[in-house]
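Take a look at the letters that make up each chain.
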Amino acid sequence: MNTSEDFKSGQILLIDKPLNWTSFQVVNKLRWEIRRAFNIKKIKVGHAGTLDPLATGLLIICTGKMTKQINTFQGQDKEYTGTIILGSTTPSYDLETEIDKTYPTDHIDASLIHNTAKTFIGEIEQYPPIFSAVKKDGKRLYEYARAGESVEIKSRTITISEFEITNIDGAALNFRVVCSKGTYIRSLANDFGKALNSGAHLSVLRRTKIGEFDVIDAISPTEFISTIGGSKA
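This section reports on the structure supplied with the text. Since the model is a prediction, treat every value here as computed from it, not as a measurement. (Residues numbered from 1 in each chain as written. Predicted model: local features only at pLDDT ≥ 70, side-chain atom pairs only at ≥ 80, totals over all residues. Heavy atoms only, no water.)

## Describing the overall build of the protein
Part 1 of the reasoning: What the protein contains, in helices and strands, is 7 helices and 13 strands.
Part 2 of the reasoning: Taken over the C-alpha trace, the protein has a radius of gyration of 19 Å; the compact-globule value for 233 residues is 17 Å, and the two agree within 12%.
Part 3 of the reasoning: Referenced to the eigenvectors of the C-alpha coordinate spread, the extents of the protein come out at roughly 65 × 40 × 30 Å.
Part 4 of the reasoning: Taken over 233 residues, the protein has a buried fraction of 47%. (Helix = DSSP H or I, 4+ residues; strand = E, 2+ residues; numbered from the N terminus. Rg over C-alpha atoms; globule rule 2.2 N^0.38 Å. Buried < 20%, exposed > 50% of the residue type's maximum accessible area, 1.4 Å probe, protein only.)

The following block contains the structure:
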């Protein structure tokens, strides 16, 4: 069982982020619970890579001196699974916003889907979603978006190592992707729809791996709290 000194010297916690939680909320909750359980006045706690509220899956949480390793973890490749819906788009590229446009899908078959997925493998240019935390002139892009302001977004070079469509169920495509730091899966879904001469948005997203860390080894915030609830420093 971990002690207060363990958390101060540094721990790596693998957390399975629940739906509708922000990554910041997970960090704040765990920091508060660690301080409460061990009567610690102050302790560093941070995460290695943000997940959107509508995404679930692996968050690497670092405490104490291990927070110095956050940049290293953030730079590692990540694996995601999820679902892309063909034939419609949203301003946020996911379900945070309502569908704004619909597109024909009659011309799309399984062969086209799989062949198009292959064209995304390798180093590609990608534009972050306007509904994202990327900063432009000191403001987050989502601040411009929510204010209805247009803003020029610069593309970034990212790498897709693997992108496979694992199941096709009508307009719903299940996928698995392995990608570099800085990749937006929402943008990938939107770009994939365009490449199919249609439209698409992300409906489900789960981060399954960061480097060698796997979500199968992660626990929920509630499970973590229960493991330290009765602990004493």
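## Some points on the nonpolar core
For soluble globular proteins, nonpolar side chains are generally found buried alongside one another.
Part 1 of the reasoning: Counting residues in hydrophobic clusters, the biggest one holds 43 residues, and the most contacted among them are Ile61, Ile84, Phe163, Phe175, Val177, Phe192 and Phe224.
Part 2 of the reasoning: With 6 residues, the single largest contributor to this core is helix H2 (residues 23–38). (Core = buried A, V, L, I, M, F, W, Y, C linked by side-chain atoms within 4.5 Å.)

## Quick notes on helix H6 (residues 185–195)
Part 1 of the reasoning: Most of H6 sits out of view: 8 of its 11 residues are buried.
Part 2 of the reasoning: Listing the buried residues of H6 in full gives Ile185, Arg186, Ser187, Leu188, Ala189, Asn190, Phe192 and Gly193.
Part 3 of the reasoning: Remark: Asn197 follows H6 within two positions and exhibits a positive phi of approximately 55°.

## Comments concerning the pairing of strand S12 (residues 200–210)
Part 1 of the reasoning: Direction of pairing for strand S3 (residues 56–63) relative to S12: parallel, over a ladder of 2 bridges. The residue of S12 that forms the bridge with Thr56 is Arg206.
Part 2 of the reasoning: Judged from the 9 bridges that link them, strand S4 (residues 78–86) and S12 form a sheet pairing that is antiparallel. Bridge assignment links Ile85 to a residue of S12, and that residue is His201. (Pairing = 2+ DSSP bridges.)

## Points about the side chain of Ser180
Part 1 of the reasoning: Position of Ser180 relative to the elements: it lies in the loop between strand S11 (172–179) and H6.
Part 2 of the reasoning: What makes Ser180 buried here is its relative accessible area of 16%.
Part 3 of the reasoning: In this structure, Ser180 is in contact with Asp77, Ile158 and Thr159, ignoring residues within four places of it in sequence. (Contact = heavy atoms within 4.5 Å.)

## Overview of helix H4 (residues 110–118)
Part 1 of the reasoning: Within H4 the residues assigned to the buried category are Ile113, Thr116 and Ala117. The arc enclosing the buried residues of H4, seen along the axis, measures out at 105°, which places them on a common side.
Part 2 of the reasoning: Looking at the packing, one finds that the buried side of H4 touches S4, strand S10 (156–169), S11 and H6. (Arc of directions from axis to C-beta.)

## Points about the pattern of salt bridges
Part 1 of the reasoning: Tallied over the full model, the rule gives 9 salt bridges.
Part 2 of the reasoning: Here Asp16 makes a salt bridge to Arg206, at a shortest N to O gap of 2.7 Å. A residue pair is termed long-range when its members are at least 10 positions apart, and Asp16 in strand S1 (residues 12–17) and Arg206 in strand S12 qualify at 190 residues.
Part 3 of the reasoning: Residue Arg206 is classed as partly exposed on the basis of its relative accessible area of 26%.
Part 4 of the reasoning: Taking the shortest distance from any N to any O, the salt bridge between Glu164 and Arg176 comes out at 2.7 Å. You can see Glu164 sitting in strand S10 and its partner Arg176 sitting in strand S11, a full 12 residues away along the chain. (Salt bridge = Lys/Arg side-chain N within 4 Å of Asp/Glu carboxyl O.)

## A short note on the state of the cysteines
Part 1 of the reasoning: Taken as a whole and judged by the stated rule, the model has 0 disulfides.
Part 2 of the reasoning: Lacking any disulfide linkage, Cys62 is separated from the closest cysteine sulfur, that of Cys179, by 19 Å.
Part 3 of the reasoning: In this structure Cys62 comes out as buried when scored by relative accessible area, which is 0%. (Disulfide = S-S within 2.5 Å.)

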